[in-house]
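Spelled out from the first residue to the last, the chains are:
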Protein chains: 2
Amino acid sequence: MTKPFTSVWTRQPRTSRTTPGLSREQIVQATLELLDAEGTDGLSMRKLGAKLDAGATSIYWYVANKDELLELAYDEIWAGMEMADPQEVSWRYSVASFAQSMRRVILEHPWSARLIGRMPAIGPNALRITDRLRKAVTLAGFEGLEIDYAVSTVTAYVFGTTIPEAVWNEYVAEKNPDVNEIREAVAAVLTDYPEMRSRVVAMGEADPTAVRLMSFDFGLYTVLDGLEARLAT
Amino acid sequence: MTKPFTSVWTRQPRTSRTTPGLSREQIVQATLELLDAEGTDGLSMRKLGAKLDAGATSIYWYVANKDELLELAYDEIWAGMEMADPQEVSWRYSVASFAQSMRRVILEHPWSARLIGRMPAIGPNALRITDRLRKAVTLAGFEGLEIDYAVSTVTAYVFGTTIPEAVWNEYVAEKNPDVNEIREAVAAVLTDYPEMRSRVVAMGEADPTAVRLMSFDFGLYTVLDGLEARLAT
DNA sequence: ACCTGAACACCGTTCAAGT
DNA sequence: ACCTGAACACCGTTCAAGT
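Keep in mind that this is a model prediction, so the values were computed, not measured. (Residues numbered from 1 in each chain as written. Chains lettered and ligands numbered in written order. Predicted model: local features only at pLDDT ≥ 70, side-chain atom pairs only at ≥ 80, totals over all residues. Heavy atoms only, no water.)

**A few points about the interface of chain A and chain B**
Here comes step 1: Counting residues at the interface gives 64 residues for chain A, matched by 64 residues for chain B.
Here comes step 2: Both faces considered, chain A and chain B share a buried interface measuring about 5500 Å² in area, 68% of it formed by carbon and sulfur atoms.
Here comes step 3: The largest share of the area that chain A buries against chain B comes from Phe5, Tyr149 and Phe218 of chain A, three residues that together contribute 14% of it.
Here comes step 4: Across the chain A-chain B interface, the total number found is four salt bridges.
Here comes step 5: A salt bridge links Arg199 of chain B to Asp148 of chain A; the shortest N-O distance between them is 2.7 Å.
Here comes step 6: On inspection of chain A and its partner chain B, the count reaches six residue pairs in polar contact (both at pLDDT 80 or more).
Here comes step 7: Broken down by secondary-structure element, the contributors of at least two residues to the side of chain A that touches chain B are α5 (124-140), α6 (145-175), α7 (179-189), α8 (194-203) and α9 (208-232) of chain A.
Here comes step 8: With 18 residues, the top contributor of residues to the side of chain A that touches chain B is α6 of chain A.
Here comes step 9: By residue class, the composition of the side of chain A that touches chain B is 35 nonpolar, 14 polar and 15 charged. (Contact = heavy atoms within 4.5 Å. Buried area = accessible area lost by both parts, 1.4 Å probe. Salt bridge = Lys/Arg side-chain N within 4 Å of Asp/Glu carboxyl O. Polar contact = N/O pair within 3.5 Å; in protein donor to acceptor, adjacent residues only side chain to side chain. Helix = DSSP H or I, 4+ residues; strand = E, 2+ residues; numbered from the N terminus. Nonpolar A, V, L, I, M, F, W, Y, C, P; charged D, E, K, R; others polar.)

**Quick word on the packing of helix α4 (residues 91-108) of chain B against helix α9 (residues 208-232) of chain B**
Residue and element names in this part refer to chain B.
Here comes step 1: One can describe the packing of α4 onto α9 by two numbers: an axis separation of 11 Å at closest approach and a directional angle of 145°. Crossing hand, α4 versus α9: right-handed. On α9, the residues touching Trp91, Arg92, Val95, Ala96, Ala99, Gln100 and Arg103 of α4 are Arg212, Leu213, Phe216, Asp217, Leu220, Tyr221, Leu224, Asp225, Leu227, Glu228 and Leu231.
Here comes step 2: Its residues assigned to classes, the contact of α4 with α9 shows eleven nonpolar, one polar and six charged. (Axes fitted to C-alpha atoms, helices over the stretch in contact; angles between N-to-C directions. Left-handed = near helix turned anticlockwise from the far one by under 90°.)

Next comes the structure, spelled out in structure tokens:
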């Protein structure tokens, strides 16, 4: 049996004429606060209900299920992303500004890392910025399907680097582990690979956030250079 | 309070002198079968226990918790990846063969998409292939931290493209939705973005797996060209 | 139109007790 | 050394009933 496709974005929300106790905006707001404060696992319908001084099941009036709630929260992430107008600056700068901003926003809301790539990014905010990104690569000179490919390449790179970073940050924030202990444990596992082992040990003295930023920029410029190479052919 | 770091790979497994009913290999095997057959949500300790003709809680003798079980399953994914020996072929070919293989394996086991980037890839199989990848980029000419950056760039790209693809495949396999209906629903959301809208509609006639492969290769060559550009400077 | 609480069918995990 | 079942503290979701 086929199950029908459902998404908050592809159906009409309930409309009310009165001003009742709860509203969708209010619920999304509370969801974001809960997620920012307690992480992905901190969000449950019961907790959310309690935070809103309502029964846990009241939320189901505004939202079909928890996934729809997360779709709404996810789109708010996209609302926070910025991108230099490709009409005003070079496409490289415009795309780079988008990538940096996307990374920044995800790291600010690490819970979003578990939603990225798992939920369709078809909320109004996601669409707004995706359209801009498409404009940027079109101005760069890509045509037809290559517009899609170029956009995918950039977002895939950003997602792929930022997801593990955000997950790690969330883990550290929640569990507050002893980072030196982790490094030692990992080094111990690497006895058969001396080259990797010495890398891990050496990393101990570096500032991890600085290294990660350099790594991100390295890859970003790699992707941008690669796109330029494709334009040249 | 700091919570100690734990991973299956950084602690001693229990050793037995007898040949008892269950074994770790057996459990991992059953876990993989369950995941392949029913997807991420199909795995529960109770179901796994039942499959092994054991109590659900027997598993806790071999594994500290469900996350450790998933760590073990995750490393099996890496076991399936192949990579042309960088000593024998060009670094480009070697890295490309790794990327293609990684994508193939993830798509074959879509449940792995939810683990990638969330779990440390420090199992024996993950290490084996990561070491090879490092060798390949070293032979390409990268040095020091740039080896890490180059490796990260490639894997981030593969993860970033493949995760959504695998999630989508898992969704389709499990829910068996009407794809045309989805396309129409998405098109309806895109009324304000005619360019994106027509793209979605036009996609209806294309073979999605072929398009995705082309998209993957486009991005992969982009990354490889970008790496070459970095070597040139 | 909106909200409620009880109830259902699940979870992962702990632990005392068994062999 | 290994396995068990009962029990705990959670989940998301449904639904009849209330206002």
